[in-house]
Every structure is written in C-alpha cells, then in structure tokens.
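Here is how the chains run, residue by residue.
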Amino acid sequence: MTSKMPIFQGKQIGFCLCTVCRKINSISRSRCRRCDSKIQARNQASLQQSWALLITAAILLVPANIYPITMVTNQGKVTYDTIFSGIVHLVHLEMIPIAIIVFAASILVPWLKIIGLAIYLSAISFNLPISKKKLMIGFHIIEWIGRWSMLDLFVIALTVSVVNMGQLLDAKPAPAATAFALVILLTQLAAKVLDTRLLWDRLEKNNDKN
C-alpha cells in the first residue's frame, strides 16, 4: 500500500500568495516582489469586517422591502410601489416572466446571499462541521449571482429616464431604492473583503471528505 503524501498549506512551508497579481512570495516579505502590493499570510480582521457589512445589509433589507421603491405620478395622482406590490402589479398585468425575474433579482437573490454568507461566516467563526469544498462552491455561486441583484435598480433607472412627462406621467425612485442599492453594495463588499483562506485554517481536515 502506498501512503498518502502529506498536504501542507502555503504558510506552513513559508510561502504567501499576493492577492493582487497572484505571485507567490516568501512569507517573510511584507510587500510583493512583482507588484509591490502589501501581502500578509492571513487577514484576520476581514472576518469581523465581513460580519459587520453583512449585518448592516440584513438590517437595511427590512426598509428596502417595507418602504416604497418607486413613485409614479399619473395625471396628478401619485402612487407608490414596494418591491412586492410591484411584482403583484406585474402579475395582474399578466407579465408573468418579468414578475418572476423581478422576484428572483429583488427578493430571492438578496435573501439567499445574506443567508449563504451568514452560513459561510458562521462556519469560519464557530468551526461548524461543514465540508470546505461545499462551502467554497456556495461562496463562488454567491459571488456570481450577486451581480444580478442590480437588475431591479436597472429597471427603475430605465423607467425614470424614459417615463418623464411632467404631471401627466412621471416616475421617480422612492426611499427604498437607496436602501436596496446599499444592500446590494454591502453584500458584495462582505464577500469581497473576506479572506477565504481563513476557511481552510479554522475547519478540521476531516470536513474535506464530503
């Protein structure tokens, strides 16, 4: 029988990866040999930073869903729509495919991102017995789908720029649009600032089997 070769992390054998240019440097260096960027074996503060951004995003998601996101003036009559009422309005107009897209981009994706990031950060913070590989796959999915959360804001911006006929017909973003934009920005930053190498340090090796 052949014995398995031991697996070492870069920091255990004295190497560190530059997160800017991806150059492998000696762990004793403070700056990258190629791009002169600051390098460090692990950014321990990134976990707290990511938690702070995620919690703020979760708090802002409440007013983003409760308060109106658009204000429409039609012949002098002003009406307000929340994200959910806008989806219901699309359903009543029999625009089902668009309603599904808006629901996925404006409600489903933000909540899934926050829940997914919370699970990921909890796994690192509390050493939860979850497969590292599955966590990393989920993390990359969260990063990929995050860009589609801006779809609802894009629709609002397009509507505001196209529909502008004074008191006859006018559309403007309402307060929830700002809160929703901040939710998208903060969740993106929460995923961006996190040093994912912390995952491989804090979980047990046997969690790699799944």
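This text goes with the structure placed above it.
Keep in mind the model is a prediction, meaning the values are calculated, not measured. (Residues numbered from 1 in each chain as written. Predicted model: local features only at pLDDT ≥ 70, side-chain atom pairs only at ≥ 80, totals over all residues. Heavy atoms only, no water.)

Caption draft 1: Main features of the state of the cysteines. Within the structure shown, the criterion is met by 0 disulfides. The closest cysteine sulfur to the non-disulfide-bonded Cys21 is located on Cys32, 3.5 Å from its own sulfur. Judged by its relative accessible area of 2%, Cys32 is buried. (Disulfide = S-S within 2.5 Å. Buried < 20%, exposed > 50% of the residue type's maximum accessible area, 1.4 Å probe, protein only.)

Caption draft 2: Spatial organisation of the packing of helix H1 (residues 45-66) against helix H3 (residues 96-126). Their axes nearest at 10 Å, the elements H1 and H3 cross at an angle of 155 degrees. With respect to H3, the axis of H1 lies roughly antiparallel. Crossing of H1 over H3 shows left-handed handedness. Contacts between H1 and H3 involve Leu47, Ser50, Trp51, Leu54, Ala57, Ala58, Leu61 and Asn65 on the former and, on the latter, Ile107, Pro110, Trp111, Ile114, Leu117, Ala118, Leu121, Ser122, Ile124 and Ser125. (Axes fitted to C-alpha atoms, helices over the stretch in contact; angles between N-to-C directions. Helix = DSSP H or I, 4+ residues; strand = E, 2+ residues; numbered from the N terminus. Parallel < 35°, antiparallel > 145°, perpendicular 65-115°, else oblique. Left-handed = near helix turned anticlockwise from the far one by under 90°. Contact = heavy atoms within 4.5 Å.)

Caption draft 3: Spotlight on the nonpolar core. One finds Leu117, Tyr120, Ile124 and Leu194 to be the most contacted residues of the largest nonpolar core, which totals 22 residues. Among residues more than four places away in sequence, those in contact with Leu194 are Ser46, Leu47, Ser50, Tyr120, Leu121, Ile124 and Phe139. Residues Ile83, Ala99, Ala177 and Ile184 belong to the second largest nonpolar core, which totals 13 residues. (Core = buried A, V, L, I, M, F, W, Y, C linked by side-chain atoms within 4.5 Å.)

Caption draft 4: Representation of the environment of Ala104 within the structure. Structurally, the position occupied by Ala104 is in helix H3. Exposure remark for Ala104: the relative accessible area of 26% places this residue in the partly exposed category. With sequence-adjacent residues up to four places away left out, Ala104 is seen in contact with Val109 and Pro110.

Caption draft 5: The arrangement of the environment of Lys133 in detail. Looking at the element boundaries, Lys133 is found in helix H4 (residues 132-146). Taking the relative accessible area as the measure of exposure, Lys133 reaches 49% and is therefore partly exposed. Taking the C-alpha atoms as reference points, Lys133 and Trp200, 67 residues apart in sequence, are found 9.7 Å from one another.

Caption draft 6: Spatial organisation of helix H2 (residues 83-92). Looking at H2, one finds that the buried residues are Ile83, Ile87 and Leu90. Projected down its long axis, H2 shows its buried positions confined to an angular sector of 60 degrees, all on one face. The exposed set on the far side of H2, more than 90 degrees from its buried face, consists of Phe84 and His92. (Arc of directions from axis to C-beta.)

Caption draft 7: Inspection of the pairing of strand S4 (residues 77-81) at higher detail. Here strand S3 (residues 70-74) pairs with S4 via 5 bridges, running antiparallel. Among the inter-strand pairings, Thr73 is bridged to a residue of S4, identified as Val78. What sits between S3 and S4 in their antiparallel hairpin is a turn of 2 residues, with Gln75 showing a positive phi close to 55 degrees. (Pairing = 2+ DSSP bridges.)

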